[in-house]
Amino acid sequence: MSNENIKKVNYDQFAATFSESRNHMKWEEIEYFVEKYSEYIDEKKIIDIGCGNGRLLDHFIKSHYIFDIDYIRMLTNNFFTGGWLVFLCGLTAVYTAYSALKTDDLKQRFTLSTVGQLSYILLAILVGTPIAILAGTLHIVTHSVAKSCLFYVAGFFNSFYNSTSASDVGKIIPNYKFIAFVVAVCGLSITGFPFLAGFYSKDLMLLEEWHSHNYFSAIFLLIGSVINIFYILPVVK
């Protein structure tokens, strides 16, 4: 067992007692901070990372939205308290990938693909570890850049050829070498092709999901990514 896992197990053993011992403690420095900067805090969104038992949240009760990430793993470890979200996101990713494969319209294909990629990101966030959340955040960046380029390409063919049919574009695109190169790079990046940007974010999500024993999340990611290849390949080739 790694040092990190040992620390996690040891903390879990006394977390409840630790939390109870601090429920009635006063945090004067936080009270001072809230009082001094109340005009900037009120009506704002607050994220408390590493919040422990959330003991400081009472000071921000006037805020509309309060987020923390410490309880994610606890909630998703039980199917009824949040684990069902893993299956909802995973099945959404697989269904949208299959739907994208079945449609010939590139705009619909890329839109459905976007929903699927967002589902992968949510799956990573639901893992609840810092690395998984980092991987999901990285995938937001890599996917958004690649998908934006693909939508621009679809818009190009719609404007000049009045068609976004994948079969039509597949016949025309060899005449545009640079656009074909852009589609190849961005499309393969979305599938997680090795050494392109999307590979690093997907690989990081997959490894963290597997190492943290979120096997269903990893399996959904793998299945969806395989289907990604089949609906991107006809355009790329």
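Scroll up to find the structure.
Note that this is a predicted model, so its numbers are computed, not measured.

Draft legend 1. Representation of the packing of helix α6 (residues 106-127) against helix α10 (residues 197-211) within the structure. Packing of α6 against α10 brings their axes to within 10 Å, and their N-to-C directions diverge by 40 degrees. Viewed along their axes, α6 and α10 adopt a mutual orientation that is oblique. Considering how the two elements wind past one another, α6 and α10 form a crossing that is left-handed. Here Gln117, Tyr120, Ile121, Leu123, Ala124 and Val127 of α6 come into contact with α10, specifically with Lys202, Met205 and Glu209. Considered class by class, the residues forming the contact of α6 with α10 number six nonpolar, one polar and two charged.

Draft legend 2. Structural detail: α10. For α10, with 15 residues, the first-to-last C-alpha span of 22 Å sits near the 21 Å given by 1.5 Å per residue. The set of residues buried in α10 consists of Gly198, Ser201, Lys202, Met205, Glu208 and Glu209. Seen end-on, α10 carries its buried residues on one side only, within an arc spanning 135 degrees. Positive backbone phi, approximately 70 degrees, marks His213, located one or two places after α10.

Draft legend 3. Representation of a nonpolar patch on the surface in the model. A contiguous nonpolar patch, built from Tyr98, Leu101, Val226, Ile229, Phe230 and Leu233 and spanning about 550 Å² of accessible area, is present on the exposed surface. Looking at which element gives the most residues to the nonpolar patch, the answer is helix α11 (residues 215-236), with four residues. Tracing the chain through its elements places Tyr98 in helix α5 (residues 79-102). Judged by relative accessible area, which is 45%, Tyr98 ranks as partly exposed.

Thresholds, definitions, all that
Residues numbered from 1 in each chain as written. Predicted model: local features only at pLDDT ≥ 70, side-chain atom pairs only at ≥ 80, totals over all residues. Heavy atoms only, no water. Axes fitted to C-alpha atoms, helices over the stretch in contact; angles between N-to-C directions. Helix = DSSP H or I, 4+ residues; strand = E, 2+ residues; numbered from the N terminus. Parallel < 35°, antiparallel > 145°, perpendicular 65-115°, else oblique. Left-handed = near helix turned anticlockwise from the far one by under 90°. Contact = heavy atoms within 4.5 Å. Nonpolar A, V, L, I, M, F, W, Y, C, P; charged D, E, K, R; others polar. Expected span 1.5 Å × (residues − 1). Buried < 20%, exposed > 50% of the residue type's maximum accessible area, 1.4 Å probe, protein only. Arc of directions from axis to C-beta. Patch = residues over 30% accessible without salt bridge, like charges linked within 9 Å, V, L, I, M, F, W, Y side chains within 5 Å. Areas by Shrake-Rupley, 256 points an atom, 1.4 Å probe, with all protein chains shown as cover. Salt bridge = Lys/Arg side-chain N within 4 Å of Asp/Glu carboxyl O.

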